[in-house]
Structures are given as C-alpha cells and as structure tokens.
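# What the coordinates show
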Amino acid sequence: MLTFLATILGYVLKFIYQMLSQAMNEPSLISFYAISIIIMTFLVKLITIPITLNTQKSSQQMSELSPEVEKLKKKYGYDQRVLQQKTQELYKEKGVSVMGCSSCLMLLIQFLILMALIRVIRDPAQFMFESKSEFESISKNFFWIKDLNQMDPLWFGLPLMTSLSQFAVSLFSMKTNKAQQNSQMGSMNTMLMVLPLAYYFVFRSMPAALPLYWTMSSVIEIIFRVIMYFFFSNHKERIKED
C-alpha cells in the first residue's frame, strides 16, 4: 500500500518539478522542489475534498440538532445507554452520519500519505528521479532551509508552524462540533489538543520536507473548512428566510 502511494507521489512530484523547470526560472529563495511539494499537497487536498465536505456537512447538521439533543438529555439523562440509543435514532431519522464528523479518517489518510512521502524522500532514485545523484544535484532550499531533506535548523521553523497550524485545525473542528460534547467526544477533543504538541517533537527530527507538507495541508484544510462553514451557515439562513 505504502509503496503504491509512494510511486504515485513520486510520479506527481517529478511531473510538477519538470513542468516548473521548463516553464520558468527557479527562484533563489524557494526551490522548484519545495514548490512541487506545495502544489502536490494542494492536489492531495483536492482529492480528499469529498471527505472533508461530508465531515463539515455532518457537523453542521448535528449543530442544528443540538436543541433536540438537549431535550433528549433532560428526558433520558438518567440512563446513558438509553440516551445514546435515542440520540442515534434522532440522527438516523434526520439523515445525519455520525461517522462523518470524525476526524480519524482524515488523520489516517494524512498519515498514510506522510509515510509514503517519507519513502519518496529516502529513496528518490526509485520513486522520483532516475538516480540519487540527479536528485542530489537539484536545489532543495526553502527560504531559511538549505536542504528540505535535512532537519529544519530553527526550533521555531516548520515544525512549530506544523504544530500551530494543526492546533488551528483542531480548534476549528472542536468549535464546529459543539453538538457532540459527550464523554466520547470529550476524549476525542483532548486528543485533538494534544496531537499538535506531539507533532512538533515528531517533525523536529524529520526532514523539513515533511513538516512543509503537513503545514501546507493544515493551512489548506483551515481555508477550506472556513469557506464551507460560512457556506453552510448562509445556506441555513436562506432556508430560515424561505
């Protein structure tokens, strides 16, 4: 599975790199290699848009059902098993997918892509270029980083940006999932808050290309979630007016 993903990512990176090389002169501050990673990240996010859209839609639907859920809590709060059953029945009746609100699937996809990208970086001759020497001959700088295949030299560089951007994603996810504030979601929220801190220490020891990918992925995720949040909010207001 990872080898298959690495082959695809390597092909995409090589294709983007070659297109950039033929179309323009390479900037001094950011290499075509870095730009290729950023563009590839954007393409990956486009592919996962249906999942993100489903998640956002389910979150908005559950938020709209929050008053009815509160009524169920007052009526069946004495028995958590019954309350959970009644809540599930309400969601099923309204056509809301509880699984659609989980961030686990997106995290799984992200980690699979990350693992595949690690393979591409460790063995570019197999997945991206014809030989290792060809890969070593290209520029791999990104502003203050001379080589994206080496660790970020700054403690406040890309690993910290990765942590902060992922924290923003978690915060926005928690804000839009207020309707799910039960014991299960409470533990999920705790994990969402702890993960960004763990990301800093994990990415601190990895090649800088990896936190660059994850940071850009999180930034794109935030932008898309904000757009969809306002889209669904406006759609809800139009329905009320009608």
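Further up the page is the structure itself.
Not measured: the values here are computed from a predicted model.

This part takes up the overall build of the chain. Per the secondary structure count, the chain includes 11 helices and 0 strands. Taken across its 242 residues, the chain has 43% of its residues classed as buried. Partitioning the contacts of the chain with sequence separation of at least 6, the portion at a separation of at least 24 is 76%. As presented, the chain carries roughly 13,600 Å² of accessible surface, and 64% of it is formed by carbon and sulfur atoms.

Moving on, we come to the layout of surface pockets. The volume enclosed by the second largest pocket comes to roughly 210 Å³. If you trace the second largest pocket, you find it lined by Leu5, Ile8, Leu9, Val12, Met40, Leu43, Val44, Ile47, Thr48, Ile51, Ile109 and Ile113. Among the secondary structure elements, those contributing two or more residues to the lining of the second largest pocket are helix H1 (2-23), helix H2 (32-47) and helix H6 (104-122). Split into classes, the residues belonging to the lining of the second largest pocket amount to 11 nonpolar, 1 polar and no charged.

Residues Tyr33, Leu148 and Tyr213 are the most contacted members of the largest nonpolar core, which totals 41 residues. Looking at this core element by element, the count peaks at 8 residues for H6. When neighbours within four sequence positions are excluded, Leu148 is seen to be in contact with Tyr33, Ala34, Ile37, Lys140, Phe142, Leu158, Pro207, Ala208, Ala209 and Leu212.

The subject of this paragraph is the packing of aromatic side chains. Tallied over the entire structure, the rule returns 14 aromatic pairs. Taken together, a centroid distance of 5.3 Å and an interplanar angle of 50 degrees make the contact between Phe111 and Trp214 tilted. Taken together, the positions of Phe111 in helix H6 and Trp214 in helix H11 (residues 209-241) put the pair 103 residues apart, joining distant regions of the chain. Since its relative accessible area comes to 32%, Phe111 is described here as partly exposed. On the numbers, 5.8 Å between centres and 65 degrees between planes, the contact of Phe142 with Trp144 is edge-to-face. According to the relative accessible area criterion, Phe142 is buried, its value standing at 9%. Taken together through their ring pairs, the aromatic side chains of Tyr17, Phe32, Tyr33, Phe129 and Phe135 make up a single cluster. Its guanidinium or amino end placed over the ring of Phe135, Lys140 lies 4.7 Å from that ring's centre, counting from NZ or CZ.

Overall, the coordinates contain 4 salt bridges when judged by the stated rule. The partner of Lys14 in a salt bridge is Glu130, and the shortest N-O contact between them spans 3.2 Å. Placement of the pair is Lys14 in helix H1 and Glu130 in the loop between helix H7 (124-127) and helix H8 (132-137), with a sequence separation of 116 residues. For Glu130, a relative accessible area of 62% translates into the label exposed. For Glu221, the salt bridge identified is with Arg225, shortest N-O distance 2.8 Å. Taken together, the positions of Glu221 and Arg225, both in helix H11 and 4 residues apart, correspond to about one turn of that helix.

Another aspect to go through is the packing of helix H4 (residues 66-76) against helix H5 (residues 80-93). Where H4 contacts H5, the axes come no closer than 9 Å and their chain directions differ by 155 degrees. Taken together, the axes of H4 and H5 lie roughly antiparallel to each other. Both H4 and H5 take part in a crossing whose hand is right-handed. Note on element contacts: H5 touches H4 through Val82, Leu83, Lys86, Thr87, Leu90 and Tyr91, opposite Glu68, Val69, Leu72, Lys73 and Tyr76. Residues that form the contact of H4 with H5 fall into these classes: 7 nonpolar, 1 polar and 3 charged.

Reading guide: rules and limits
- Residues numbered from 1 in each chain as written.
- Predicted model: local features only at pLDDT ≥ 70, side-chain atom pairs only at ≥ 80, totals over all residues.
- Heavy atoms only, no water.
- Helix = DSSP H or I, 4+ residues; strand = E, 2+ residues; numbered from the N terminus.
- Buried < 20%, exposed > 50% of the residue type's maximum accessible area, 1.4 Å probe, protein only.
- Contact = heavy atoms within 4.5 Å.
- Areas by Shrake-Rupley, 256 points an atom, 1.4 Å probe, with all protein chains shown as cover.
- 1 Å grid on protein atoms, 1.4 Å probe; cavity = no way out; pocket = protein on both sides within 12 Å on 5 of 7 lines; lining within 4 Å.
- Points joined across faces, edges and corners; volume = space filled by probe spheres on them.
- Nonpolar A, V, L, I, M, F, W, Y, C, P; charged D, E, K, R; others polar.
- Core = buried A, V, L, I, M, F, W, Y, C linked by side-chain atoms within 4.5 Å.
- Phe/Tyr/Trp six-rings, centres within 6.5 Å; stacked < 30°, edge-to-face > 60°.
- Lys NZ or Arg CZ within 6 Å of the ring centre and 35° of its normal.
- Salt bridge = Lys/Arg side-chain N within 4 Å of Asp/Glu carboxyl O.
- Axes fitted to C-alpha atoms, helices over the stretch in contact; angles between N-to-C directions.
- Parallel < 35°, antiparallel > 145°, perpendicular 65-115°, else oblique.
- Left-handed = near helix turned anticlockwise from the far one by under 90°.

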